[in-house]
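# Chain and residue survey
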Amino acid sequence: MKCIITIELGTNAVRVFAFDLKGNVIGSMKGHYHTFHTGPDYSEQDPEQIFITMLYVLKNLLNEVIHPKKYEVASICFSASMHSVLAVDKNGVPLGNAITWADNRAKKEAQELKGSPGAKKIYTATGTPIHPMSPLLKIAWIKNNNRERFALTSKFLSIKSYIIQQLTGEYLIDYSLASATGLLNIHTIKWETGALDFAGIQPDMLPDLVPVFASAGKLKKAYQNSLNLPADTKIIVGSSDGCLATLGAGIWSEGKATITIEDSGAVRVVGKKVLQDEKQRFFNYLLTEDCYVSGGPTNNGGIIFEWFTKQFGDFKNPFDEEQSMEELIAEASKVPAGSDGLLFLPYLLGERAPIWNANARGVYFGLNIKHERRHFIRATIEGILYEIYSIGKILEEHRSIHSLSINGSFASIPFCTQIIADIFNKPVSLRADYHSVGVGAFLLSATEMGIYKSLDEAAKTIELPDTYLPGENNHAAYSSYFSIFEKLSTKLSDEFEAIATLQQKSAESTENDKVVSKMKLT
Amino acid sequence: MNQFVLQQGHSPELELFPHIVELGAKKNSAIQLNSFPESATDTIRIYYVNDGKFEWHIHGHSCLLYPGDVALILPGQSFGSQKGFLEIGSLSWMHIAIGKLDNGKMVPGKWSSLSESESMTIGKILLLNNSGVLSKLNEAGRILQYIQGELFNQQIGYCTRVNQLIDELLIIITRQLTRQSNPARDFPKAFMQLEQTLRQNLSHQWTVEEMAAIVGMGTTLFNEKVKNYSGFSPINYLINIRISEAIKLLKKEDISLTDIALDTGFYSSQHFSTTFKKLTGYTPSEFRKNHLRNN
């Protein structure tokens, strides 16, 4: 019996799934790795820890599930978070940690590029919004602020490129991840000279561009031995988590959109054409030569409700966040839709789409003397979902959307799924306990093996049985409140900037105090 | 409350307890200049505030203490009032002589009935935390009172009882320390702090008990939470960190394999080599060779 293994190098953890050729999960395991926050805007990960964690988890899954059940591994397919950058020297040895998508240190570079005449051309060519998340700007930051590292760098890789290079020796990047670097021309599928110039690099400082189906070469002998896999085990380069979540959600035709909400979130559509937005609010990522995944990302997804739970949950059992969340949601469900007029702007982490304002901050609005704790709970959840709707709404300016498919741990909480259906006034389908990135990678591998003729055909096999229908009364309530939400999100922009500046100052002075007290000690 | 000071060498009550260096209680109703200057000793000092508000300087930090709070001063740390005098109020205290091992770890002496591993863990936690102030620990005040009562009344079994009470005092202080740094809400954050602590002392032979104590959890809950969150048992997670640090060092030419093994917390280069090969398929020296002639 053959099986397909998928490896997802996610934000906090690697998840490994094994599927039989019909797409049933035979086993899965995960392994967490650390994120280092060494400065206010810094977010880094140790590439060796990611590699060793991936290897350990893969080995455990093989030894505990795959080998005992006598499965033969037909292929191993990779996916990864977008926007990571890892500098390596001429021997392939990492120069420091990898910089993750969440790292915002390149703010200045982003502003500089945004204000320059070439900005629009770069966005149009690369499809990636000009934002500190983009590797284009991260590399420019290294060039401007870390000259020594820049000078020693032989290649700038993504985390996935590094992991694959460790396993097979090849430096590769697939079209999807490359299209999220801000360096790739998504129309010609070649590195974009203007972007490379801004980053200060040559094409040979990037990994080789390959289609998502490409083979990444042979496993090195040592790994064949330690994993007990044959030399001809196919390693497939694969795609990005965003593209594969969309494929795995079965949304592959006109009139559909997919909503993913984990810690952060995104609304995505798929099409044969790039979405050209005058205001540069969307990303356009490439899955294959003629298939674009377009949409908008939000910073403020489930992580905001987690924040709320940590502050205001009951925690009857120590560290039992899940239980505390369930209790809060039960309380929120007793409040009518619209929270009796309490509104919440969820911008605790600044915001990307649609307002693209890093200074945006959280707001509770409309508070009156009758509001209770339970109103805050419901308003918080509704605020997160209004934000998702505000992305969906601008997507509808370009594409008509008739139905939605939901995935991600926050969006798939039934209470949240129903609110999404109500706010959007569209039917929503959902498969609970469903790992759309893993399934997407399975569909990609299975298509590569010829089990499906095309990704279109593969996506059509996804069944989405649970459907949530919108409730009309609730929709009316939500629409009235949403129009206030939408106005506030842009109206407050001067005040957002003012408060963000003050917060920055206050954070700096606390940081200075720490340094002073440390100096006193020594 | 009774005011008194018992001191080792002067007070017959302490003859059977060489580890109690000083025990006292004081109601301070007037300010006396130079009555409370900063000093350092080689004992653990525990001060409990019954009444009043005290502004003390502990190990370079200014701290405010209110009734119910405890000041914990480790051997070698300075303690006193920067103004030199003791504010008005009442407090009780104890100074305990603590066995100090070569590697800087503290363990209670033979008088204690704590097991070896538990006292090692307590020593480790006390050393890792340098906050100095434990807030709202009324239990500590009560225990100090019981100890005083036992010493003055000398009823049958008082010797054992006093030593048990000191053990108990150390235990509740340690628990409070870990609880104080982790409010038992945010496991990812607690886990992140744990990872930082592990990385800072990677060569230490960490036990699960020590790791659990750092995040303020019992080992059963800790094992379950770590497995659930990280996918690994605590020890296997630690091995991940050890191997990934070792890989970084292997990619630099100038460090010997033995040094790498010990720096990253393996017992020996043999232990390092076996673990490394099991996971990666390479021995450390093969891995190094392979990576240096890679390109």
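The paragraphs below set out a description of the structure included in this document. Bear in mind the structure is a predicted one, so any value in this text is a computation, not a measurement.

### Here's the deal with the packing of helix 13 (residues 373–395) of chain A against helix 14 (residues 414–424) of chain A
All names here are of chain A. Two elements in contact, helix 13 and helix 14, have axes separated by 10 Å at closest approach and are oriented at 50°. With respect to helix 14, the axis of helix 13 lies oblique. Seen along the crossing, helix 13 lies across helix 14 with a hand that is right-handed. Along the contact surface, helix 13 presents Arg378, Ile381, Glu382, Leu385, Tyr386, Ile388, Tyr389 and Gly392, while helix 14 presents Phe415, Cys416, Ile419, Ile420, Ile423 and Phe424. A per-class count over the contact of helix 13 with helix 14 returns 11 nonpolar, one polar and two charged.

### Describing the packing of aromatic side chains
What the rule picks out here adds up to 43 aromatic pairs over all chains. With a centroid separation of 5.9 Å and an interplanar angle of 70°, the aromatic rings of Tyr47 of chain B and Trp56 of chain B are classed as edge-to-face. For Tyr47 of chain B, a relative accessible area of 7% corresponds to the buried category. Relative to Tyr229 of chain B, the ring of Phe187 of chain B has its centre 5.6 Å away and its plane inclined at 80°; by these criteria the two rings are edge-to-face. Placement of Phe187 of chain B in helix 4 (residues 187–200) and of Tyr229 of chain B in helix 6 (residues 219–230) is noted, with a sequence separation of 42 residues between them. Among the aromatic residues, those joined into a cluster by ring pairs are Tyr347, Tyr386, Tyr389, Phe424, Tyr478, Phe482, Phe485 and Phe496 of chain A.

### A short note on the layout of surface pockets
Residues and elements named next belong to chain B. Each pocket or cavity is described by its volume, and for the second largest pocket that value is around 580 Å³. Lining the second largest pocket are 22 residues; nearest its centre among them are Thr121, Arg175, Ala213, Met217 and Gly218. Secondary structure elements with two or more residues in the lining of the second largest pocket: helix 1 (116–128), helix 3 (158–181), helix 5 (208–214) and helix 6. Here the residues of the lining of the second largest pocket are counted per class, giving 11 nonpolar, seven polar and four charged.

### Observations concerning the pattern of salt bridges
Enumeration over the complete set of coordinates arrives at 27 salt bridges over all chains. Asp186 of chain B is paired through a salt bridge with Lys310 of chain A; the nearest N and O atoms lie 3.3 Å apart. Of this pair, Asp186 of chain B sits in the loop between helix 3 and helix 4 while Lys310 of chain A sits in helix 11 (residues 302–312), each in a different chain. The pair Asp186 of chain B / Lys310 of chain A is uniform in exposure class, with both members buried. Glu150 of chain B is paired through a salt bridge with Arg161 of chain B; the nearest N and O atoms lie 3.4 Å apart. Here Glu150 of chain B is found in helix 2 (residues 138–153), whereas its partner Arg161 of chain B is found in helix 3, with 11 residues between them in sequence. The class of Arg161 of chain B is partly exposed, set by a relative accessible area of 34%. Here the residues in one salt-bridge network are Asp46 of chain A together with Glu195, Arg199, Glu245 and Lys248 of chain B, joined through shared partners.

### Examining the interface of chain A and chain B
Of the residues lining the interface, 44 residues belong to chain A; the matching set on chain B comes to 44 residues. Both sides of the chain A and chain B interface together cover about 3500 Å² of buried area, and 57% of this is carbon and sulfur. Interface area lost by chain A to chain B is led by His32, Tyr56 and Phe319 of chain A, which between them contribute 24%. On inspection of chain A and its partner chain B, the count reaches three salt bridges. Linking Glu48 of chain A and Lys251 of chain B is a salt bridge whose minimum nitrogen-to-oxygen distance equals 2.8 Å. Summed over the shared surface of chain A and chain B, the number is 15 residue pairs in polar contact (both at pLDDT 80 or more). Elements with a contribution of two residues or more to the side of chain A that touches chain B: strand 3 (25–32), helix 1 (47–66), helix 6 (159–168), helix 9 (221–227) and helix 11 of chain A. Looking at the side of chain A that touches chain B element by element, the count peaks at nine residues for helix 1 of chain A. Residues belonging to the side of chain A that touches chain B are distributed by class as follows: 17 nonpolar, 17 polar and 10 charged.

### Some details on the side chain of Ser436 of chain A
Along the chain, Ser436 of chain A turns up in helix 15 (residues 436–448). On the basis of relative accessibility, which here comes to 7%, the residue Ser436 of chain A falls in the buried class.

### Digging into the sheet that holds strand 6 (residues 61–65) of chain B
Read across the sheet, four strands follow the order 3-8-5-6 (chain B) without closing on themselves; strand pairing throughout is antiparallel. Of all the strands in the sheet, just strand 3 (39–40) and strand 6 of chain B have a single pairing partner and so form its edges.

### Side note on empty space enclosed by the protein
Residue and element names in this part refer to chain A. For the structure on display, the rule yields seven cavities of 30 Å³ or more. Size it by volume and the largest cavity reaches roughly 100 Å³. If you trace the largest cavity, you find 13 residues lining it, with Leu9, Gly10, Gln45, Ser81 and Ile159 closest to the centre. Looking at the lining of the largest cavity, its residues break down into seven nonpolar, six polar and no charged. At the level of elements, helix 4 (135–145) and strand 8 (155–157) are the ones that each hand at least two residues to the lining of the second largest cavity. Here the residues of the lining of the second largest cavity are counted per class, giving 10 nonpolar, three polar and no charged.

### Notes on the side chain of Gln148 of chain B
All names here are of chain B. The residue Gln148 is located in helix 2 in this model. By relative accessible area, Gln148 is classed as buried at 14%. Each residue touching Gln148, except ones within four places of it in the same chain, is listed here: Asn2, Phe4 and Leu23.

### Here we look at the pairing of strand 5 (residues 72–80) of chain A
Residues and elements named next belong to chain A. Judged by how many residues are buried, strand 5 sits mostly within the fold: eight of nine residues are covered. Judged from the eight bridges that link them, strand 1 (residues 2–9) and strand 5 form a sheet pairing that is parallel. Following the sheet pairing, Ile5 is matched in strand 5 by Ile76. Two elements, strand 5 and strand 13 (residues 234–240), share five bridges in a ladder whose sense is parallel. When the bridges of strand 13 are listed, Ser75 appears paired with Lys234.

### Digging into unusual backbone geometry
Residues and elements named next belong to chain A. Between Ala353 and the following residue, Pro354, the backbone shows a cis peptide bond with an omega angle of -5°. Note that Pro354 resides in the loop between strand 18 (343–346) and strand 19 (362–365). Although it is not a glycine, Phe315 adopts a positive phi angle of roughly 45°. Residue classification places Phe315 among the buried residues on the basis of a relative accessible area of 10%.

### Focus on the sheet that holds strand 14 (residues 256–261) of chain A
All names here are of chain A. The strand order across the open sheet formed by seven strands is 16-17-15-14-20-21-22, and the pairing between neighbours is mixed. In this open sheet, the two strands that pair with only one neighbour each are strand 16 (283–288) and strand 22 (466–468). Across the sheet, the mean angle from the axis of one strand to that of its neighbour is 30°, orientation sign disregarded. When strand 14 meets strand 15 (residues 265–271), the two strands line up antiparallel, connected through four bridges. Opposite Ile259, over in strand 15, you have Val267 as the bridge partner. In this fold helix 10 (residues 241–248) packs onto strand 14, strand 15, strand 16, strand 17 (291–298) and strand 20 (403–407), with an angle of close to 70° to the strand it touches most, strand 15.

Reading the values: rules and limits
- Residues numbered from 1 in each chain as written.
- Chains lettered and ligands numbered in written order.
- Predicted model: local features only at pLDDT ≥ 70, side-chain atom pairs only at ≥ 80, totals over all residues.
- Heavy atoms only, no water.
- Axes fitted to C-alpha atoms, helices over the stretch in contact; angles between N-to-C directions.
- Helix = DSSP H or I, 4+ residues; strand = E, 2+ residues; numbered from the N terminus.
- Parallel < 35°, antiparallel > 145°, perpendicular 65-115°, else oblique.
- Left-handed = near helix turned anticlockwise from the far one by under 90°.
- Contact = heavy atoms within 4.5 Å.
- Nonpolar A, V, L, I, M, F, W, Y, C, P; charged D, E, K, R; others polar.
- Phe/Tyr/Trp six-rings, centres within 6.5 Å; stacked < 30°, edge-to-face > 60°.
- Buried < 20%, exposed > 50% of the residue type's maximum accessible area, 1.4 Å probe, protein only.
- 1 Å grid on protein atoms, 1.4 Å probe; cavity = no way out; pocket = protein on both sides within 12 Å on 5 of 7 lines; lining within 4 Å.
- Points joined across faces, edges and corners; volume = space filled by probe spheres on them.
- Salt bridge = Lys/Arg side-chain N within 4 Å of Asp/Glu carboxyl O.
- Buried area = accessible area lost by both parts, 1.4 Å probe.
- Polar contact = N/O pair within 3.5 Å; in protein donor to acceptor, adjacent residues only side chain to side chain.
- Pairing = 2+ DSSP bridges.

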